[in-house]
Amino acid sequence: MTKLRAIAEQALADVLTDGMTIAVGGFGLCGVPYDLIEVVRDSGVTGLTVVSNNMGVDGKGLGLLLENRQVAKVIASYVGENKLFAQQYLNKVLDVEFSPQGTLAERMRAGGAGIPAFYTRAGVGTPVAEGKPHAEFDGHVHVQERAIVADLALVHAHTADHAGNLTYRAAARNFNPLVATCGRVTVAEAEHLAEEFINPESVTTPGIYVSRLVVARKRTKEIEQRTVRPRVTVEA
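Now for a look at the structure at hand.

Parameters at a glance
Residues numbered from 1 in each chain as written. Predicted model: local features only at pLDDT ≥ 70, side-chain atom pairs only at ≥ 80, totals over all residues. Heavy atoms only, no water. Helix = DSSP H or I, 4+ residues; strand = E, 2+ residues; numbered from the N terminus. Rg over C-alpha atoms; globule rule 2.2 N^0.38 Å. Buried < 20%, exposed > 50% of the residue type's maximum accessible area, 1.4 Å probe, protein only. Contact = heavy atoms within 4.5 Å. Salt bridge = Lys/Arg side-chain N within 4 Å of Asp/Glu carboxyl O. Expected span 1.5 Å × (residues − 1). Core = buried A, V, L, I, M, F, W, Y, C linked by side-chain atoms within 4.5 Å. Disulfide = S-S within 2.5 Å.

1. Some remarks on the overall build of the protein chain
A count of helices and strands for the protein chain gives 6 helices and 12 strands. Against the 2.2 N^0.38 benchmark of 18 Å for 236 residues, the protein chain shows a C-alpha radius of gyration of 19 Å, consistent with a compact globule. With respect to the principal axes defined by its C-alpha atoms, the protein chain has extents near 60 × 50 × 40 Å. Out of the 236 residues belonging to the protein chain, those deemed buried represent 45%. In the protein chain, of all internal contacts separated by at least 6 residues, the share reaching a separation of at least 24 is 71%.

Below, the structure is given as structure tokens:
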């Protein structure tokens, strides 16, 4: 059975349900599965729990789901540049669980590896650790963090092959490989589809993790904050 679908709508046609947990790759606007997010928006599913490093910016990426009031809870590292995210959190419209960035990454990795929980020193003595089991290891107090296993994982890759093997490009890799492992169903969009199988030594995410695959439509890549240096003219 082929994993490749003609369009993103087909890749998510029978997996979206109200109240599900969706893990989403990306960092800000980099490496974000835009096509798949737009399908989630258009489906109208509600009560979602979204696991992602952040919720992008207003009106772009995961910000679309916030605008459509489809998200009930977010598990993330920070609010970032999304004003609506902050507003919904402060107005108690949105339940937010903050997790240190490294801890969030490890929670998803652990979920993909079948590890139900682990201990870390990050967050000890802060609100992040309140209500969680603590234990001492090697003279230091650690807090227990539970793994994350999502109903659905959405990732963006640079190149895929027909078996679902994925590679990523530079910083657009970010959380995507971790997200890919922690979904019960993982759907990937890729900018390029290789005719031959990707060299195993170059594969970042093995196809065993990928349930469905779609080629992402071409679009202008978003820049969250453009910072440039004035060009200096040097006289000969």
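2. Quick word on the pattern of salt bridges
With the rule as written, the count across this model stands at 13 salt bridges. When the shortest N-O distance is used, the salt bridge between R212 and D14 registers 2.7 Å. On the criterion of sequence distance, the pair formed by R212 in strand β12 (residues 212–215) and D14 in the loop between α1 (8–11) and β2 (21–24) is long-range, its members being 198 residues apart. Look at R212 and you get buried, because its relative accessible area is 14%. With a closest N to O distance of 3.0 Å, R107 and E97 form a salt bridge. Within this pair, whereas R107 is found in helix α5 (residues 101–113), its partner E97 is found in strand β5 (residues 95–98), the two being separated by 10 residues in sequence. Connected via shared salt-bridge partners are D35, E38, R217 and R219.

3. Notes on α5
The end-to-end C-alpha distance of α5, which contains 13 residues, comes to 18 Å, matching closely the 18 Å that a straight helix rising 1.5 Å per residue would cover. Every buried residue of α5 is listed here: T103, L104, A105, R107, M108, A110 and G111. For α5, the secondary structure elements touched by its buried residues are β3 (48–51), β4 (71–76), β5, β6 (117–120), β8 (140–146) and α6 (176–181). Note on α5: the residue one or two positions beyond its end, G114, has a positive phi of about 80 degrees.

4. A word on the nonpolar core
Counting 35 residues, the largest nonpolar core has L12, L16, I22, V40, L152 and L154 as the members making the most contacts within it. Of all the elements in the fold, those that place two or more residues in this core are α1, β2, α2 (34–43), β3, α3 (63–67), β4, α4 (83–90) and β9 (150–160). Element by element, the count of residues in this core is highest for α2, at 5 residues. Apart from residues no more than four positions distant in its own chain, L154 is found in contact with L12, I22, A23, V24, G25, P33, L36, V40, N176, V179 and V187.

5. Quick look at the side chain of R107
Note on R107: relative accessible area 7%, which makes it buried. Once you skip the residues sitting within four places of it in the chain, R107 turns out to touch I75, E97, S99, F118, E145, R146, A147 and I148.

6. Focus on the state of the cysteines
All told, the structure shown has 0 disulfides when counted by the stated rule. Unpaired in this structure, C30 has its nearest cysteine sulfur neighbour in C182, at a distance of 19 Å. Classification of C30 by relative accessible area gives partly exposed; the value is 30%. Residue C182 is classed as buried on the basis of its relative accessible area of 1%.

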